[in-house]
Structures are given as C-alpha cells and as structure tokens.
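This is what each chain is made of:
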Amino acid sequence: MRQSYVAGNWKMHKTIAEAVSLANELAEGLKRSPNKLMVAPPFTALSAVGPAIAAGGILLGAQNMASELEGAHTGEISVRMLKDLGVRVAIIGHSERRHVYNESDELINQKVQLALTEGMEVILCVGETLDEREAGDVERVVGTQLRAGLSGVENVSLDQVTIAYEPVWAIGTGKTATPEDADAVHRYIRGWFAETYESDAAENIIVQYGGSVKPDNIAALMKMENIDGALVGGASLKAETFLPICRFND
Ligand code: PGA
C-alpha cells in the first residue's frame, strides 16, 4: 500500500518571519496526519522552518540543489549544505527550472544521482507543455524525461525517489488536468517503471500530481488509482488552503 504524500512548494515567496508563521500553523494542524508531508520553503527560510515543522512530522524540502558537491559555483547551494540544515528531500527538474532556467535532462540527471548518493530523497518533476499535449506527445515527452532523469539510478535507490507529474500548462494557471487525464499519465509512468525496473518498482513508486491543486479538487484527484499525492504550489502558501489538501482523507 503506497502512503499518500503531499508536498508544498513555496517557490520564491515568504520572508523568514512569514515562513515560520505558516510553518507553525501547519505543524499544529497536521500533528496526527497519516500522510507523508513535506514543505519546501525558499533557501533563506530553511533553517528557521526546519525546527518549526518537526513537531508536525513534516519533512523539510529544498526547491532545487546544485549538480556539483562543492567548488567555484557562485550562487549555487550544495546537497551537503542542505543536509546540514536538516533538508531531507530535494525537488529536482521542476518545470520552472526546466523552462525558465533552461535546465537540461542531463543536468537534472546529475542532480538526481548526486542527491541519491548523498542520501537525499528526490521528487523528480516531469510533464508536457500545452503544445506537446496538443501534438499527442505526452507519453514520449514524459518517457524521455523519466529515462534521462533516472539514467544510472538503480532499483535499490528507488525508495528515495518520488515522481511528480506536473503538466506545464496546469501550473499556476488555475487549469487542472481532469482526474482521468492525470490518471492516464500516472498509469503510463507506473508502466514505465514496470518495464524499466524490478517487478515491485511500479507498485511501490509514489507518483504525485501537480498543477493547480486546490482544496476543492484534491479529493477527486486522490480517488484515482494511480495518483498517490500532490505537489502543491499556490495553495501551499496559506494554512487555510494547504491544511485541507493535506487532510484530504480525514
Ligand atoms: P501550482 O504549482 O499548484 O501553483 O499550480 C504547482 C507546482 O509548481 O509545483
């Protein structure tokens, strides 16, 4: 049985004081949750948010990490620096990193491999653009992102890996994929794991949906057979919207 996994990506929002205030509200509201939960504040708030969410059993996540361990990389943040702050999970290959900051599948794979080697969990994001969907290319695009992103990753490391399917056209737009459309891609992703890895991989891999997840659509999404959780952007910025998403199965 796969555990439900809800993660909040705060993107480039919140001062330290604002982040701690939200973290305290979440920790208080999620103490008895049966679900796996994570929040990824901006780097500047990681050290303050970590202790605040620990009481709620919420994992600390990073929105990105460097592809190298250390060295002359101005402005980058290493996986070891993140571990130092108590970060347990890194979001890698978010569509904003791919499309706005031109991260390639090769760079994303380097980050994934480094994170796994360093004992960090990973949420690897995949998803198609609107043009790709309209061209009927969803499976080819998602398949390529999985193959490239997980290149060199062995079966034994898969318990550190979560996949987030985030159609680019649904992120921050208010347009959600229908639960059926999302489930079809999730099923394809699970099938890809069945073909690529040992037999239990497809059954065990957690696949989150992301893209305009809100309190009023989470239940319908989570009812689908292959949707195991959510990666939430905008609605994770307020306790009043993130708490009901995290507690969809209360
Ligand atoms: P959204 O963002 O929930 O605001 O659409 C999702 C994401 O970018 O992970």
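Here, the structure is the one placed above.
Residues numbered from 1 in each chain as written. Predicted model: local features only at pLDDT ≥ 70, side-chain atom pairs only at ≥ 80, totals over all residues. Heavy atoms only, no water.

Peer 1: Even after reading the chapter, I still don't get the nonpolar core, so can you show me in this structure?
Peer 2: One broad rule of soluble globular proteins: the nonpolar side chains tend to lie buried together. Ranked by size, the top nonpolar core spans 69 residues in total, and within it Leu 26, Leu 150, Ile 163, Ile 189 and Phe 193 carry the most contacts. If sequence neighbours within four positions are ignored, Phe 193 has contacts with Leu 146, Leu 150, Leu 158, Ile 163, Ala 201, Ala 202 and Ile 205. Core analysis: the next-biggest nonpolar cluster, separate from the first, contains twelve residues, Met 38, Val 89, Ile 91 and Ile 123 among them. (Core = buried A, V, L, I, M, F, W, Y, C linked by side-chain atoms within 4.5 Å. Buried < 20%, exposed > 50% of the residue type's maximum accessible area, 1.4 Å probe, protein only. Contact = heavy atoms within 4.5 Å.)

Peer 1: Can you walk me through the site of the ligand in this structure?
Peer 2: In the region of the ligand, the neighbouring residues are Lys 11, His 94, Glu 166, Ala 170, Ile 171, Gly 172, Gly 211, Ser 212, Leu 231, Val 232, Gly 233 and Gly 234. Taking Ser 212, its main chain carries an N or O atom lying 2.7 Å from an oxygen atom of the ligand. Between Gly 233 and the ligand, the recorded distance is 2.9 Å, taken from a backbone N or O atom to an oxygen atom. Taken by itself the ligand offers 280 Å² of open surface, and the protein chains cover 96% of this. (Near = heavy atom within 4 Å. Polar contact = N/O pair within 3.5 Å; in protein donor to acceptor, adjacent residues only side chain to side chain. Areas by Shrake-Rupley, 256 points an atom, 1.4 Å probe, with all protein chains shown as cover.)

Peer 1: I tried to follow empty space enclosed by the protein on my own but got confused; where do I start?
Peer 2: Left-over empty space is what a probe sized like a water molecule reveals as it rolls over the atoms. Within this structure, the stated rule accounts for one cavity of 30 Å³ or more. Space inside the largest cavity adds up to approximately 40 Å³. Lining the largest cavity, in full, are Gly 93, Ser 95, Arg 98, His 99, Cys 125, Val 126, Gly 127, Glu 166 and Val 168. Secondary-structure elements contributing two or more residues to the lining of the largest cavity are α4 (95–99) and β5 (121–126). Tallying contributions element by element places α4 first for the lining of the largest cavity, with three residues. Class assignment of the residues belonging to the lining of the largest cavity gives a composition of three nonpolar, four polar and two charged. (1 Å grid on protein atoms, 1.4 Å probe; cavity = no way out; pocket = protein on both sides within 12 Å on 5 of 7 lines; lining within 4 Å. Points joined across faces, edges and corners; volume = space filled by probe spheres on them. Helix = DSSP H or I, 4+ residues; strand = E, 2+ residues; numbered from the N terminus. Nonpolar A, V, L, I, M, F, W, Y, C, P; charged D, E, K, R; others polar.)

Peer 1: Just to check I follow, could you spell out the sheet that holds strand β4 (residues 89–92) for this structure?
Peer 2: Strands pair in a sheet through their backbones, by hydrogen bonds, and they do so in one of two ways: parallel or antiparallel. Strand order around the closed barrel formed by eight strands is β1-β2-β3-β4-β5-β6-β7-β8, with parallel pairing between neighbours. On average, adjacent strands in this sheet sit at an angle of 25° to one another, irrespective of strand direction. Against the sheet, helix α2 (residues 46–54) engages β2 (36–40) and β3 (59–62), with an angle of about 160° to β3. Running at roughly 160° to β5, helix α5 (residues 105–117) makes contact with β4, β5 and β6 (161–165) of the sheet. (Pairing = 2+ DSSP bridges. Axes fitted to C-alpha atoms, helices over the stretch in contact; angles between N-to-C directions.)

Peer 1: Please explain the layout of surface pockets as it appears in this structure.
Peer 2: Looking at the largest pocket, its volume works out to about 440 Å³. If you trace the largest pocket, you find 13 residues lining it, with Lys 11, Met 12, Gln 63, Arg 97 and Tyr 101 closest to the centre. Classifying every residue of the lining of the largest pocket by side-chain character gives five nonpolar, five polar and three charged.

Peer 1: Help me understand the pattern of salt bridges, please; the structure alone is not making it clear to me.
Peer 2: Pairing of side chains with opposite charge becomes possible as their charged atoms draw close. This structure, assessed with the given rule, holds 15 salt bridges. Measuring nitrogen to oxygen at the nearest pair gives 2.8 Å for the salt bridge that ties Arg 133 to Glu 128. A salt bridge links Asp 137 to Arg 140; the shortest N-O distance between them is 3.0 Å. Each of Arg 2, Arg 190, Glu 203 and Asp 228 takes part in a single network of salt bridges with overlapping partners. (Salt bridge = Lys/Arg side-chain N within 4 Å of Asp/Glu carboxyl O.)

Peer 1: Explain the packing of aromatic side chains here, please?
Peer 2: Each aromatic ring pair is described using two quantities: the centre-to-centre distance and the angle formed by the ring planes. Under the counting rule described, the total for this entry stands at four aromatic pairs. Both rings, one in Trp 192 and one in Phe 193, keep their centres 5.1 Å apart while their planes meet at 85°; by these two values the pair is edge-to-face. Among the residues examined, Trp 192 registers a relative accessible area of 8% and is labelled buried. On the accessibility criterion, Phe 193 (0% relative accessible area) is buried. Centroid distance Phe 193 to Tyr 197: 5.7 Å. Interplanar angle 20°. Geometry classified as stacked. Residue class for Tyr 197 comes out buried when judged on its relative accessible area of 13%. Taken together, the aromatic side chains of Trp 192, Phe 193 and Tyr 197 make up a single cluster linked through ring pairs. Looking at Lys 36, its charged tip hangs above the ring of Tyr 5, at a distance of 4.6 Å from the centre. (Phe/Tyr/Trp six-rings, centres within 6.5 Å; stacked < 30°, edge-to-face > 60°. Lys NZ or Arg CZ within 6 Å of the ring centre and 35° of its normal.)

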